[in-house]
Each structure stands twice: as C-alpha cells, then as structure tokens.
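Summary of the model geometry
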Amino acid sequence: MKKLLAIFTFALLSGCAGLTGLIPSFWDDNQSHRIISVRLDIERLDCKAAQKPQVIKIRDDLAWFRLYSESKGGRQADVIALTAPMTDTVEDWYKRVSLESHKDNAIYCDLKKRVLTEQSTRAAKAVLGRF
Amino acid sequence: MSLQTLYEIAGRDDAPWAATRAAMVIAITEQYQNGGLDRSEYLEMMQDLVRMDALDAEASDIELKTMLVTAVYAVAQVV
C-alpha cells in the first residue's frame, strides 16, 4: 500500500507528463544553512557603511546557493527559481556599486534592504518548510 | 492607481502582505518625489517589487507541493 501511495505521489507531482521540474526538492541542510546566511547578511546591512563589500557578500552567498543547487541535480529547479528574483535584485545593486562614478546613496540602500528582507524571509520560509 | 488608494491598502488589516507591499510602493515613490532616489533607482526599485511577486509565486508552489507530500506521507503511515 505504501509503495502504491509513493507511486501515486510521484505520478501526481510529475503531472503524469514526465515533467521532472514539477517534482519538489526536499529538505537539505546546506541549502537551509545558506539561505539563513543570506538573511543574516541582509539583516546586518549597514547603509551608513560602504555598500559594495556588503553587496558582494550577499551576492556570493546567493551564488553559493545556486551553484550548490545546480550541482546537486535537476530536482533543485524549484529552489533555484525561488532565489532567482533575489539574485536579480542584488545583481542590479552590484552593477550600480561597481560603476566608477558610483556614490553610495543611503536612501536607496535602506529601500533595497527592505525589499531584500521581504524576499529573503519568504524564500527562507519556503526552503526550511520543505519535507 | 493613485497614492491615496495605496494608503488605503497599506492600512488594511485583512491582507497583511498587500499592506506591506503597498507601504513599500509608497515609501519608494515618496523618496523619488522628494529627490531621495533618481529615476533609474526608482525604476529599479519598482522592478524589484515585481520580482517579489515572482518569488511569492515560486514559494507558494513549493509550499503547496510540500503540503501534498506531507499529507500523502501521513496517509501512508495510517494505512
């Protein structure tokens, strides 16, 4: 009976169409650790300090998460897609602070921090809530 | 949508996620209007809010699948 249920679940989640992208990823200690590192980076963002090194730290943690997930295999597509919008948000910021003419804007940083706090809170809840 | 509508949404208790999002749009727009953000920063921040919707959708999808797996596993324990 349990085997039957497992087969049923697999068929249901794969949409009976062989779409492996629809099979959910499951709990992973490393992903859980890293997504909290991202949250911590964002929580500790100090908009009165130089922004570039802080942005690089968030960017690196997100890159670690993506590379680890990609290396782990195809079933991680959902968590890679989950963190992609956050990566785009950080990438725009990184491009801005990398310009030679850039001058840190604390207001922009504060708002970016608010957005990233929302994004990372939501992402962490989903990553840590997995079976 | 006017800023007044956004203020109304931001004050709602029945939809906290919408209130939070509306409060962000207001904060970003006010900073832009007051000169705290330039146009490219303002447009980028608005794009970030759109990205937040995409992230919400992905998170909800994962949570739904997790609920389904958990429910099936619980049934398997009982049967």
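Owing to the predicted nature of the structure, the values given are computational and were not obtained by experimental measurement.

**Overview of helix α2 (residues 29-43) of chain A**
Between the first and last C-alpha of α2(A) there are 21 Å, a value that for 15 residues agrees with the 21 Å anticipated at 1.5 Å per step. At its buried positions, α2(A) is contacted by α3 (51-72), α4 (77-98) and α5 (106-128) of chain A.

**Brief notes about the nonpolar core**
Counting 28 residues, the largest nonpolar core has A:Leu82 and A:Ala123 as its most contacted members. Elements represented by at least two residues in this core include exactly α2, α3, α4 and α5 of chain A together with α2 (16-33) and α3 (39-78) of chain B. Broken down by element, this core gets its largest block of residues, eight residues, from α5(A). Non-local contacts of A:Ala123, meaning those with residues more than four positions away in its chain, are made with A:Ile35, A:Leu82, A:Thr83, A:Met86, B:Leu55 and B:Ala59.

**A few points about the packing of α5(A) against α3(B)**
The geometry of α5(A) relative to α3(B) is characterised by a closest axis approach of 9 Å and an angle of 10° between their N-to-C directions. Here α5(A) lies roughly parallel to α3(B), going by the angle between them. Packed against α5(A), whose contacting residues are A:Tyr108, A:Leu111, A:Val115, A:Glu118, A:Gln119, A:Arg122, A:Ala123, A:Lys125 and A:Ala126, the element α3(B) presents B:Glu41, B:Met45, B:Asp48, B:Met52, B:Leu55, B:Asp56, B:Ala59, B:Ile62 and B:Glu63 at the interface.

**Looking at the confidence of the model for chain B**
All names here are of chain B. The predicted model of chain B averages 90 in pLDDT, with 97% of residues at 70 or higher. Of all helices and strands in chain B, the one with the weakest mean pLDDT is helix α1 (residues 3-10) (87), whereas α2 scores best (92). The complex prediction reports pTM at 0.85, with the ipTM value standing at 0.86.

**Regarding the interface of chain B and chain A**
Listed by partner, the interface residues are 30 residues for chain B and 29 residues for chain A. When residues of the side of chain B that touches chain A are traced back to their parent elements, those giving at least two are α2 and α3 of chain B. Within the side of chain B that touches chain A, the residues separate by chemical class into 16 nonpolar, five polar and nine charged.

Criteria and cut-off values
- Residues numbered from 1 in each chain as written.
- Chains lettered and ligands numbered in written order.
- Predicted model: local features only at pLDDT ≥ 70, side-chain atom pairs only at ≥ 80, totals over all residues.
- Helix = DSSP H or I, 4+ residues; strand = E, 2+ residues; numbered from the N terminus.
- Expected span 1.5 Å × (residues − 1).
- Contact = placed C-beta atoms within 7 Å.
- Core = buried A, V, L, I, M, F, W, Y, C linked by C-beta atoms within 7 Å.
- Buried ≥ 20, exposed ≤ 12 C-beta atoms within 10 Å, placed from the backbone.
- Axes fitted to C-alpha atoms, helices over the stretch in contact; angles between N-to-C directions.
- Parallel < 35°, antiparallel > 145°, perpendicular 65-115°, else oblique.
- pLDDT = per-residue confidence, 0-100.
- Nonpolar A, V, L, I, M, F, W, Y, C, P; charged D, E, K, R; others polar.

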